[in-house]
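# Observations on the model geometry
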Amino acid sequence: MSKSPYEIRLDLLRLAKESIFEPYFYERSNLEMQWNAARDVNPNAPFPPMPKAPTTEDIIAEAKKLNEFVSNAE
């Protein structure tokens, strides 16, 4: 059974969200690990600034890029 256009759009949004948030969580995790290591040396080490979380607009823009790719595949 084929998917409706709404289901396809939802799948694209989910894929876009995953692809946008994966590097964000990776960078955040690395910063937290570095901070924990710095605290072992200096208990008063300042917490590093966290990366800016992706927005809904970021996810929609990524979904549009994915849709363009899928729609124009040759």
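One can find the structure itself at the top, above this paragraph.
The notes below deal with the structure included here.

Rules used in this analysis
- In every chain, residue numbers begin from 1 and rise along the written sequence.
- Reporting of local features is limited, given that this is a predicted model, to residues whose pLDDT is at least 70; pairs of side-chain atoms are given and counted only at 80 or more, and all residues count toward the totals for whole chains, interfaces and linings.
- Each side-chain value is worked out from all heavy atoms of the structure, with water and hydrogens disregarded.
- In this analysis, rings of Phe, Tyr and Trp, with Trp reduced to its six-membered ring, are considered paired at centre separations within 6.5 Å, and the interplanar angle assigns stacked below 30 degrees, edge-to-face beyond 60, and tilted for intermediate values.
- The way it works is that DSSP assigns letters per residue, a run of H or I at least four long becomes a helix, a run of E at least two long becomes a strand, and they are numbered from the N terminus.
- The criterion is that NZ of a Lys, or CZ of an Arg, lies within 6 Å of the ring centre and within 35 degrees of the ring normal, and then a charge sits over that ring.
- We count a salt bridge whenever a side-chain nitrogen from Lys or Arg sits within 4 Å of a carboxyl oxygen from Asp or Glu.
- Exposure categories follow from relative accessible area, calculated using a 1.4 Å probe and restricted to protein chains: below 20% of the type maximum is buried, above 50% is exposed, and the middle band is partly exposed.

### Here's the deal with the packing of aromatic side chains
A complete count under the given rule lists four aromatic pairs for this structure. Taking the centre distance of 4.6 Å and the plane angle of 80° together, the rings of Trp 35 and Phe 47 count as edge-to-face. With Trp 35 in helix 1 (residues 5-41) and Phe 47 in the loop between helix 1 and helix 2 (56-71), the pair connects residues that are 12 residues apart, well separated along the chain. Three or more aromatic residues link up through ring pairs in this structure, and these residues are Phe 21, Tyr 24 and Phe 25. Directly above the aromatic system of Trp 35 lies the positively charged group of Arg 39, at a separation of 4.5 Å from the ring centroid.

### Quick notes on the pattern of salt bridges
In a structure, side chains of opposite charge can pair up when their charged atoms sit close to one another. Following the criterion strictly, the structure yields four salt bridges and no others. In this structure, the salt-bridge partner of Asp 11 is Lys 3, at a minimum N-O distance of 2.3 Å. The closest approach of N and O atoms between Asp 11 and Arg 14, which form a salt bridge, is 4.0 Å. With Asp 11 and Arg 14 both in helix 1 and three residues apart, the pair spans about one turn of that helix. With relative accessibility at 48%, the residue Arg 14 sits in the partly exposed group. Among the charged side chains, a network of salt bridges with common partners joins Lys 3, Asp 11 and Arg 14.

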